[in-house]
Amino acid sequence: MGVTVHRLSRRAILLGGAGLVGSAGLAATLTGCSTTDATHGSTHPIGPVPSASPSAGQGLVQKSLVARETTLDLGGPTVATWAYGDTVPGALIRAKAGDFLRISLENKLPADTSIHWHGLRLRNAADGVPGLTQDAVKQGDRFVYEFTAPDPGTYFFHPHVGVQLDRALYAPLVIEDPNEPGGHDDEWVVVLDDWVDGTGRTPDDVLKKLVDDGGGSHDMGGMGGGHDMGGHDMGGGGTAMAPWGDAGDVTYPHFLVNGRVPAAPERFTAKPGQKVRLRIINAASDTIFTVALGGHRMTLTHTDGHPVVPREVGAFHIGMGERYDAVVTLADGVFPLVAAPFGKTSGGQAMAVVRTGAGSPPAADVRPAELSGEVFIGSQLLPAESAKLPDRVPDATLQLSLDGSMKPYVWGMNGAPFGKNDPLTVQQGQRLRIDVTNQTMMTHPLHLHGHTFALPSGLRKDTVLLAPMQRLAIDLDADNVGRWAVHCHNIYHAEAGMMTELRYTES
Ligand SMILES: [Cu+2]
């Protein structure tokens, strides 16, 4: 459970280096590291955010999306829902790092909407957060998102309005690294989801019931409870026990891989011995999954787009909004790729089938042995050299508490729900440390827009799971001026107030 392993030592460095703060602030321009990643050959630097308009020679990727009501077949269950076109997930968008994306959204939904490009360090005006970066796209209106995608990686996109993410309004976005040698025979995009829409309830119904009932069993006794953190450090140690506390708030009837239930699963085919890259995205709204490929070990190579020191695992956790890339060399036969919802006892599991040879398909409730072994926690990965945030003493440290309760169903940050809490403020060029404390007995995936942050280990992420009562310092370079959402990626928590703003100010 050791995601805060180096917290204390980093603090000591901060205190010891306090005299450097002033001068460090002057040398603020972010300089990227272009060190070659020995493992993956990536030489793509993490550099400044590019400007708003396409430049000469820049690749251009143009797509049109229509968000609308539709009926989808999930492989048995047929559901009325909202989607981008007629599929769930929506069609993959693929571009190269540095390309300019021009994506038009036509809103044919019976509601306002927007698109947020999850994980991308894009310009603020394209970030898709009504109230912070744009007005909501009204029914019948169109909005064109224009931005450069600076960094390679596995991303996805979804609305940033209400609980629309918990419908079919999501799709994968892959930004390829032109400098990456590849070396795998195939690449599969694996999108995980928890599904309720059109099964007698909509996500809006679910949220209303949570608010009306204030139900559940993981009440922490109110907002900003100020719990004593003594003895609650999650630091160091193994991964044998899952640390996530209570499961999510919502009971789902289905869990999906690429829009399919396990009874009629997504099928991937390859030849024995082939090496495949999996790009795994958790697009669920309220579910942490444990992922395993039966009969195989996987080598994790990237998280949230950033290369890591490769780590071989049998199974791993993935929180809402997180992405993991894994490489696997395939055996001969038929194998279940399972995503088991953490802590949820109904609705079964998500599963796809990998076929490289003869054999009968696995049962929908198959449980690969790997799920019973050690389950790796992704934030324990170590960063590849090319993905490290350069060492620097923070210019400022801000506190961020995650608080809330089930009764009443109100979630917040720094003691109040979004709209009533104060923004976090930063100045351009600063190295900012955010000292995050989860004051609740639930796990929350913390997501920051427009930036990536480094964990104390140096691991770069844009979404990180904070276990109950966990405290974690995250560092970022303030290199992307704007108003940025910071929120829990449990979409019900975010909508109930677990969000704040990171706002750039002029000195
Ligand atoms: Cu949350």
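Novice: How would you explain the overall build of the chain if you had to name every residue and give the values?
Specialist: Looking only at helices and strands, the chain features 4 helices and 31 strands. By residue count, 60% of the 507 residues in the chain fall in the buried class. For the chain, contacts bridging at least 24 residues in sequence account for 78% of all contacts bridging at least 6. Accessible area for the chain stands at about 18,100 Å²; split by element, carbon and sulfur atoms hold 51% of it.

Novice: Help me get a handle on the sheet that holds strand β30 (residues 483-488), residues and values and all.
Specialist: Spatially, 5 strands are ordered β23-β31-β30-β25-β28 in an open sheet, and the strand pairing comes out mixed. Only two strands of the sheet have a single partner each, and these edge strands are β23 (424-427) and β28 (463-466). Taken pair by pair, the neighbouring strands of this sheet meet at an average axis angle of 20°, ignoring direction. Inspection of the sheet shows β30 paired to strand β31 (residues 499-505) by 5 bridges, in the antiparallel sense. Paired with His487 across the strands is Met499, a residue of β31.

Novice: Just give me the short version of the coordination of the copper ion, but keep the residues and values in it.
Specialist: Looking at the copper ion, one finds its protein donor set to be His444 (ND1), Cys488 (SG) and His493 (ND1), positioned 2.0 to 2.1 Å from the metal centre. Counting gaps between the donor residues of the copper ion yields the pattern H-x43-C-x4-H. Of this pair, His444 sits in strand β25 (residues 444-448) while His493 sits in helix α4 (residues 491-495); the two residues are 49 residues apart in sequence, bridging distant segments of the chain. For the pair His444 and His493, a shared accessibility class is recorded, and that class is buried.

Novice: Go over the nonpolar core with me, naming the residues and quoting the values.
Specialist: By size, the foremost hydrophobic cluster in this structure holds 124 residues, and its most contacted members are Trp117, Phe316, Leu446 and Tyr492. At 6 residues, strand β9 (residues 186-195) tops the list of elements feeding residues into this core. In contact with Trp117, other than residues within four places in its own chain, are Ile103, Leu122, Ala126, Asp127, Tyr145, Phe147, Phe156, Phe157 and Leu173. With 9 residues, the next largest nonpolar core counts Val334, Val338, Ala340 and Met351 among its residues.

Novice: Can you lay out the pattern of salt bridges for me, pointing to particular residues and giving the numbers?
Specialist: Across all of its chains, the model carries 31 salt bridges by this definition. Residue Asp204 pairs with Arg167 through a salt bridge whose shortest N-O separation is 2.9 Å. Of this pair, Asp204 sits in helix α3 (residues 203-213) while Arg167 is found in the loop between β7 (153-158) and β8 (171-176), placing the two residues 37 residues apart along the sequence. Each member of the salt-bridge network shares a partner with another, and the members are Arg94, Lys96, Glu176, Glu180, Glu187, Arg277, Arg279 and Asp325.

Novice: Explain unusual backbone geometry residue by residue, including any values.
Specialist: In this structure, Pro89 follows Val88 across a cis peptide bond, with omega equal to -10°. The topology assignment puts Pro89 in the loop between β2 (78-84) and β3 (93-96). Look at Asn258: it is not a glycine, yet its phi comes out positive at around 50°. Positionally, Asn258 belongs in the loop between β10 (254-257) and β11 (267-269). Judged by relative accessible area, which is 13%, Asn258 ranks as buried.

Novice: Kindly report on the packing of aromatic side chains, identifying the contributing residues and their values.
Specialist: As enumerated under the stated definition, the model contains 10 aromatic pairs in all. Between Trp188 and Phe268, the ring centres sit 4.7 Å apart and the planes meet at 15°, which makes this aromatic pair stacked. In this pair, Trp188 sits in strand β9 while Phe268 sits in strand β11, placing the two residues 80 residues apart along the sequence. Aromatic side chains Tyr252 and Phe255 sit 6.1 Å apart centroid to centroid with 55° between the ring planes, which places their arrangement in the tilted category. The exposure class assigned to Tyr252 is buried, which follows from its relative accessible area of 1%. Judged by its relative accessible area of 1%, Phe255 is buried. Pairwise contacts between aromatic rings join Tyr84, Trp117, Phe143, Tyr145, Phe147 and Phe157 into one cluster.

Novice: How would you sum up the side chain of Asn438? Please name residues and give values.
Specialist: With respect to the helices and strands, the residue Asn438 is situated in strand β24 (residues 431-438). Given a relative accessible area of 0%, Asn438 falls into the buried group. In terms of polar contacts, Asn438 uses its side chain to reach the backbone carbonyl oxygen of Met442, at 2.8 Å. Those residues in contact with Asn438 that lie beyond four places of it in its chain are Leu402, Thr443, His444, Leu466, Ala467, Pro468, Met469 and Gln470.

Novice: Describe the side chain of Arg167, with residues and values.
Specialist: For Arg167, a relative accessible area of 5% translates into the label buried. Side-chain polar atoms of Arg167 contact the side chain of Asp204, separated by 2.9 Å. The contact partners of Arg167, leaving out residues within four places of it in the chain, are Thr81, Trp82, Asp193, Trp195, Asp197, Thr202, Pro203 and Asp204.

Novice: Could you give an account of α3, naming the residues involved and the relevant values?
Specialist: Here α3 has its buried residues at Pro203, Val206, Leu207 and Leu210. Projected down its long axis, α3 carries its buried residues within an arc of 95°, all on one side. Exposed and oriented more than 90 degrees from the buried face of α3 are Lys208, Lys209 and Asp212. In this fold, the buried residues of α3 make contact with α4.

Novice: Explain the sheet that holds strand β6 (residues 142-148) to me, using residue names and the numbers behind them.
Specialist: Strand order in the open sheet formed by 4 strands is β2-β1-β4-β6, with mixed pairing between adjacent strands. Of all strands in the sheet, those with a lone pairing partner are β2 and β6, marking the two edges. If you compare each strand with its neighbour and ignore which way they point, the axes differ by 25° on average. Across 7 bridges, the pairing between strand β1 (residues 60-73) and β2 is antiparallel. From the neighbouring strand, Ala67 faces β2, where its bridge partner is Tyr84.

Novice: Lay out the environment of Phe316 with the relevant residues and their values.
Specialist: In this structure, Phe316 sits in strand β16 (residues 315-318). Phe316 sits 60 residues away from Phe376 along the chain, and the two C-alpha atoms are 4.3 Å apart.

Novice: Which residues make up the pairing of strand β19 (residues 350-355), and what values go with them?
Specialist: For β19, the tally of buried residues reaches 5 of 6 residues, placing the bulk of the element in the interior. Direction of pairing for β11 relative to β19: parallel, over a ladder of 3 bridges. Across the sheet, residue Phe268 finds its bridge partner in β19, namely Val354. Alignment of strand β18 (residues 334-341) against β19, held across 6 bridges, turns out to be antiparallel. When the bridges of β19 are listed, Leu337 appears paired with Ala352.

What counts as what
- Residues numbered from 1 in each chain as written.
- Predicted model: local features only at pLDDT ≥ 70, side-chain atom pairs only at ≥ 80, totals over all residues.
- Heavy atoms only, no water.
- Helix = DSSP H or I, 4+ residues; strand = E, 2+ residues; numbered from the N terminus.
- Buried < 20%, exposed > 50% of the residue type's maximum accessible area, 1.4 Å probe, protein only.
- Contact = heavy atoms within 4.5 Å.
- Areas by Shrake-Rupley, 256 points an atom, 1.4 Å probe, with all protein chains shown as cover.
- Pairing = 2+ DSSP bridges.
- Axes fitted to C-alpha atoms, helices over the stretch in contact; angles between N-to-C directions.
- Donors = N, O, S within 2.8 Å, 3.2 Å for Na, K, Ca; no water.
- Core = buried A, V, L, I, M, F, W, Y, C linked by side-chain atoms within 4.5 Å.
- Salt bridge = Lys/Arg side-chain N within 4 Å of Asp/Glu carboxyl O.
- Phe/Tyr/Trp six-rings, centres within 6.5 Å; stacked < 30°, edge-to-face > 60°.
- Polar contact = N/O pair within 3.5 Å; in protein donor to acceptor, adjacent residues only side chain to side chain.
- Arc of directions from axis to C-beta.

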